[in-house]
Structure formats: C-alpha cells, structure tokens
Amino acid sequence: MRIAILIPALHVIVTPIAVSAGDLIGFTTGLLITVLLLVLTLRAAKLPGTPRANIVFAGCAFLWSAGGLAHAALLSSGIPSAARLAFLAQALQFSGVAAFPIPVLAIWRPFASSPWQKTAARVLVVAACLSAGVIAVLLWSAAIPPPGVMHATGFNAALLLSLGAAVSLRRDSTPRPVYLPSLAIVFAVCAATLAMTFGRHLHGGHMEYSAAGAHLVLLVLLCAFLLFARFRFADVFIRYGVRILLAGAWATVLTLVAQSWFLMQLARRAPSPAAAHVFLVLFFANVLLLSFTFVDDRISTRLNRWLFHAPDYRVETRQLGNRLRHLQLESEIAAAIEDAALRPLELSGVRMVARGDFPGLLWPAGILEGETVELGYGDPLREALDKSGACRNVEVVVPISSAGKVTHLLLVAPGPTRPGLVTHDVSYLEAVATQCGHRLDALRREREAIERQSREALLQQQVSEAELRALRAQINPHFL
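Right, let's walk through the structure included here. (Residues numbered from 1 in each chain as written. Predicted model: local features only at pLDDT ≥ 70, side-chain atom pairs only at ≥ 80, totals over all residues. Heavy atoms only, no water.)

Points about the overall build of the chain
Part 1 of the reasoning: Within the chain, the secondary structure is distributed over 17 helices and four strands.
Part 2 of the reasoning: Long-range pairs, those at least 24 residues apart, make up 71% of the contacts in the chain between residues at least 6 apart in sequence. (Helix = DSSP H or I, 4+ residues; strand = E, 2+ residues; numbered from the N terminus. Contact = heavy atoms within 4.5 Å.)

Encoded structure:
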C-alpha cells in the first residue's frame, strides 16, 4: 500500500525535475550543434557559390537553441515563467522560429522547375519575410499574450514549409539527398507545433508532452546533417555534430538513471544511502564513458559510408601515381586523371581541359592563382562552360599547375543524385591535380632532355662534317 502511494508521489516530484533536466540537456546539445554549424557556414561563406541561406538557417537554429536554453535555465533557477527575463528568452527563441522558413524556402527555391513553380516559390519567400517581421513585432511588443503568438509562430512555420515543399520539391527533379531530409524537416516542424500547442491539453496537461515537442526540433538539426551534406564542410559538421548528439543522449540517460525510482530503492538498502547513490551514478557514468568511443566510431564510420560513400583515398592516389608513371601522351594522362576522379567519387562528369582552349572566358583570379573554385547556380562561368560543351553542370574547377603556372583545368560535375563535394573529396581532387601537374612537368623535362640530346647530336654531326671537309680541303692540293 505504501509503495502504491509512493510511486505517484515520486512521479509528481521527479517528472518536473526530469523535464527540466531534459530541457537543459536538449537545448545545450542543440546550442553546441548550431554554433558548430554557424561557424562552418561562416567559414564556407568565403567560398564562391555558397548560399547565404545556409548562414541564415544556422542563425535561426542558434536563436531557438540559445533562447530555449536561457528560458529553461531561468525556470530551473526558480524564476517564474511570467517574469520579464523569461518572456525575453522566449521571444528570442520564437524569433528564430518565425524566421526559420525564410532560409529553408530559399534553399528549396532553385529546385522549382516550371514557371508557375518558380513564381510560387518566390511569393512564398516574400510571404515568409513579411510574416517573420509581423510575428517579431508582436513578440517583442507583447501586443498579444505570448502563448497566442508562439502558437501562431509554429503554425506559420508549418504552413509555409508545407506549401514550399509542395511547390518546389519533386521526386523526379529534386536530388535525393535534398528531397528526403526536406520532407523530414517539414514533418518535424509540424509534429513539434502540434505537440507544443495541444500537449498541455492532453492527459491532464502533463509538461512532458510540450517538452517532447520542443525537442522534436533536434530532429530538424538531424535532418540538417543530410540537407547540409551539399556544402564544403559537411563532413566536419556531421563528424562533430554526431559526437555532440551522443554526448547529449548519454547525459540524458545518465540523468534519467540518477533520478530513477529503481536506483533510489537500491541506494536506500545500503547503510549509507547518499554514498551508495553517488557510487551507483558514478559507476553507470563510467560505463557510458567507456561505451562512448566505441559507439561514436561505429556511427561516424557508417554515416560517412552512407552519406558520402568515401573511398580509400590513399589507395586511389597510389594507384594513380603508378599508372601515370608509364604514360607518355597528354591525352592518355587526361584519360587517367578523369577516370581517377570519376570512378571513386561516383561523379556525373569530369573533364580535363587546357586553359588555352577557352580564350574568351574570364576565369576567376583564384583559379589563375592555383585555388580550387566552386561555381554556384547561375554563375556566368558555369553557364559559359555549359554552352561550350566541355562539361555540363560544373560545380568545382580544380586548377592544374605545370612549369609554375596554371596550364590545365579539371572540371568536376557531381551530378544531382550525389551529395555535394566535401573537404575530403576536394582534397582528393587537388591531390589528383597535383599528380597530373607533376607528370606533365616530368614529360616536359623528358622532352627537353630529348630535344637537348638531339641538338647535341646534330651539333656533333655538324662538327664532324666540318672537320671532314677541312681534311678534304687539305688533302686535295696534294693530289693535284
């Protein structure tokens, strides 16, 4: 009978504590991931072709996580939810939600194919900007009670993203690495909106339903792993993001175990319950720490294979070097380079061309200085290369240097079905271009040596002929 009374009482006490701890851990994890994403997108902004929507996307996620963490920390410290600081934290949090549809719709917009889809996508982006401004004014001015504005913010984001996905995304025209994560983002936003709005009215208004809705936003960040697998530093983001998520998950498990009824009952049976509880918590924490490295390594390896299909770059580079060593013609070298880039990376098209073959094109200064350049949608150079027929849908141009200057270019087109090239892929392409440049230099030196030997042989022949003519001139008078 006492146990039957104790369990509901413990549930009433532990549930708010668990929800508060879950909020702190969840928003801390989200904040770390969004900071990482924001730093990497700002770093990638220096590269040509990087959309600004990536930075806005990371900024909106940062506002949500920072505001949510501040609000959870204030409530955990005993400050009531109606206080001014708690209101400002929630206003900051939902300002990120209000602006969130803008970058997502901007990322989807290039995939709209027909004219009416392009017009509708443009109208949705404008509507998202206007609604974000109106919601931000209502949030910060408190013209409407905060719960009403927050619910309207969620429904506004869910409606705009649903319409944007229906207008811009088509299974036949949208790359699979973009299509599936985008649908998952729409689902997560809609589910989070419904959970946070109606969760308090279900089953007596338990807090865990609205808290679960808030943490569904982490699913958006998980889908961002796949959506952002098309920008340069995606592999770095995914590698460290997975570790942050695992650390957050392990911290959540440890918190739940430390506050569990079963662990408390075990500790009460010991002579010193407090010491036993600390020992059990530390023991379970050590088990989690030991398993972290193993799980992190397995998950990271599988994600790299699943998302990026990363080959063994060292083996491919070694095989290319052995193959180039026996080639003498520039056409054979070009074929080997194109195969070495096309086959391991599963690209749509690769073409090695001489820089002099395109006298009318204005190459960026970075290419002429030996830097790899990425071409975005609508780039004039990309359109010019499409018209020239050299290689269609070129996204990356890798310069090949020979004799101290850029003589050839490697045009790379990943294709719509493959995720974008990441840091390891670009480093491999640059290594391929470097080996090509070295082989071209070696061929040039071999040709110069052959020409020098030919000139020396010709000169020796001319000297011999001159000496022979001189001897004949000396002998002829004696015969006369």
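Let's pick the thread back up.
A few points about helix 13 (residues 313-324)
Part 1 of the reasoning: In this model helix 13 runs 16 Å from its N-terminal to its C-terminal C-alpha over 12 residues, within 8% of the 16 Å that 1.5 Å per residue would give.
Part 2 of the reasoning: For helix 13, every residue scored as buried is listed here: Tyr313, Glu316, Leu320, Gly321 and Leu324. End-on, the buried residues of helix 13 take up no more than an arc of 135°, which puts them together on one face. Counted as exposed and oriented over 90 degrees from the buried face of helix 13: Arg314 and Arg318. (Expected span 1.5 Å × (residues − 1). Buried < 20%, exposed > 50% of the residue type's maximum accessible area, 1.4 Å probe, protein only. Arc of directions from axis to C-beta.)

Observations regarding the sheet that holds strand 1 (residues 349-354)
Part 1 of the reasoning: Spatially, 1-4-3-2 is the arrangement adopted by the four strands of the open sheet, whose pairing is antiparallel. Of all the strands in the sheet, just strand 1 and strand 2 (373-374) have a single pairing partner and so form its edges.
Part 2 of the reasoning: Bridge analysis of strand 2 against strand 3 (residues 396-402) gives two bridges, and the strand direction is antiparallel. Looking at strand 3, one finds that Val373 is bridged to Val397.
Part 3 of the reasoning: Set on the sheet, helix 14 (residues 330-345) makes contact with strand 1 and strand 4 (405-413); between it and strand 1 the angle comes to about 150°. (Pairing = 2+ DSSP bridges. Axes fitted to C-alpha atoms, helices over the stretch in contact; angles between N-to-C directions.)

Examining the pattern of salt bridges
Part 1 of the reasoning: Evaluation of the coordinates by the stated rule reveals seven salt bridges.
Part 2 of the reasoning: Overlapping salt bridges, with partners in common, bring together Glu316, Arg323, Asp339 and Arg343 in one network. (Salt bridge = Lys/Arg side-chain N within 4 Å of Asp/Glu carboxyl O.)

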